[in-house]
Amino acid sequence: PGDLVSILAGTAVGKTAILQNIAHALSHVPTVMFEFELSDESMFERFLGHKANMPGFQVEDAYRKMGSMKNYGLEDLFKNLLVCTLAKVDLELMESLCRKAELKLGRPPKLILVDYIQLMQGPGKSRYERFSDIAEGLRRVAKSLKAAIVVTSQVQRKPADADKAVSLSDAKESGSIENSSSLVLGAWRQYSEGSECADEMTIKVLKNTRGSAGREIKCKWSPTMRITETNQ
């Protein structure tokens, strides 16, 4: 509680999916997820697909055929999770919504997922100043709510032939993102031999105030957006 965790990754690497996997792994923890890019329908499809281990198109097809899925206990499947897809959310509104979430969750949220920081609203004369304030503010909100906040961040664009690995200084807009975080992870995907899609993901510990950094975790990426650690 009170910690800020940042996950740095490029476009289409799977930032939203990483947060979904965290929510799935910690399904017993009261959680609020702020999704600033995808719609309600997309998030419903993705979470249900992840839970049922189905690709999104199969979820959509099943829903069209059934017409409704109210009798499948969806509220019980996600009883500790609330997803907010409002746009133009700033720190004040985020904190207010998290406090109100207790009315639906039955207890205060202990995990807050934010996808992604560059889509948050905030004051500032420049983008650098704006996101510096937001990053530092997220840490304050985590302490105020006594919850852990996990936020994803875009990384700076690299040349097509550049190394895909993410470093601590790659966060887009502001160095305050990694400076304000107790834990920073970098994520990137690559093609495995003989594969036509980037089905391998590497997650690297870039900063860890409670331990050492540098560890790389090799993972498999599935069409259902499940991320599982390999035995390598």
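Small disclaimer: the values here were computed from a predicted structure and weren't measured. (Residues numbered from 1 in each chain as written. Predicted model: local features only at pLDDT ≥ 70, side-chain atom pairs only at ≥ 80, totals over all residues. Heavy atoms only, no water.)

A. The arrangement of the pairing of strand β7 (residues 200-208) in detail. Bridge count for strand β6 (residues 183-190) against β7 is 8 bridges, and the pairing is antiparallel. Each residue of the ladder has a partner; that of G186, found in β7, is K204. In terms of strand pairing, β7 meets strand β8 (residues 216-221) through 5 bridges, oriented antiparallel. Bridging across to β8, I203 finds its partner in I217. (Pairing = 2+ DSSP bridges. Helix = DSSP H or I, 4+ residues; strand = E, 2+ residues; numbered from the N terminus.)

B. Representation of the packing of helix α1 (residues 15-25) against helix α2 (residues 40-52). As a packed pair, α1 and α2 sit with axes 11 Å apart at the nearest point and diverge in direction by 55°. Classified by the angle between their axes, α1 and α2 sit oblique to one another. At the point where α1 passes α2, the crossing takes the right-handed sense. Together, T16, A17, Q20, N21, A23 and H24 of α1 and M43, R46, F47, H50 and K51 of α2 make up the contact between the two elements. Taken together, the residues of the contact of α1 with α2 sort by class into 4 nonpolar, 5 polar and 2 charged. (Axes fitted to C-alpha atoms, helices over the stretch in contact; angles between N-to-C directions. Parallel < 35°, antiparallel > 145°, perpendicular 65-115°, else oblique. Left-handed = near helix turned anticlockwise from the far one by under 90°. Contact = heavy atoms within 4.5 Å. Nonpolar A, V, L, I, M, F, W, Y, C, P; charged D, E, K, R; others polar.)

C. Layout of helix α7 (residues 127-145). The end-to-end C-alpha distance of α7 is 26 Å, a good match for the 27 Å that 19 residues give at a rise of 1.5 Å each. Here α7 has its buried residues at R130, F131, S132, I134, A135, G137, L138, V141, A142 and L145. Next to the buried residues of α7 lie β1 (4-9), α5 (91-100), β4 (111-115), β5 (148-153) and α8 (176-179). Looking one or two places after α7, you find K146, whose phi comes out positive at around 55°. (Expected span 1.5 Å × (residues − 1). Buried < 20%, exposed > 50% of the residue type's maximum accessible area, 1.4 Å probe, protein only.)

D. Here's a closer look at empty space enclosed by the protein. Tallied over the entire structure, the rule returns 1 cavity of 30 Å³ or more. Roughly 30 Å³ of volume is contained in the largest cavity. The element contributing the most residues to the lining of the largest cavity is α2, with 4 residues. When its residues are assigned to classes, the lining of the largest cavity shows 4 nonpolar, 4 polar and 2 charged. (1 Å grid on protein atoms, 1.4 Å probe; cavity = no way out; pocket = protein on both sides within 12 Å on 5 of 7 lines; lining within 4 Å. Points joined across faces, edges and corners; volume = space filled by probe spheres on them.)

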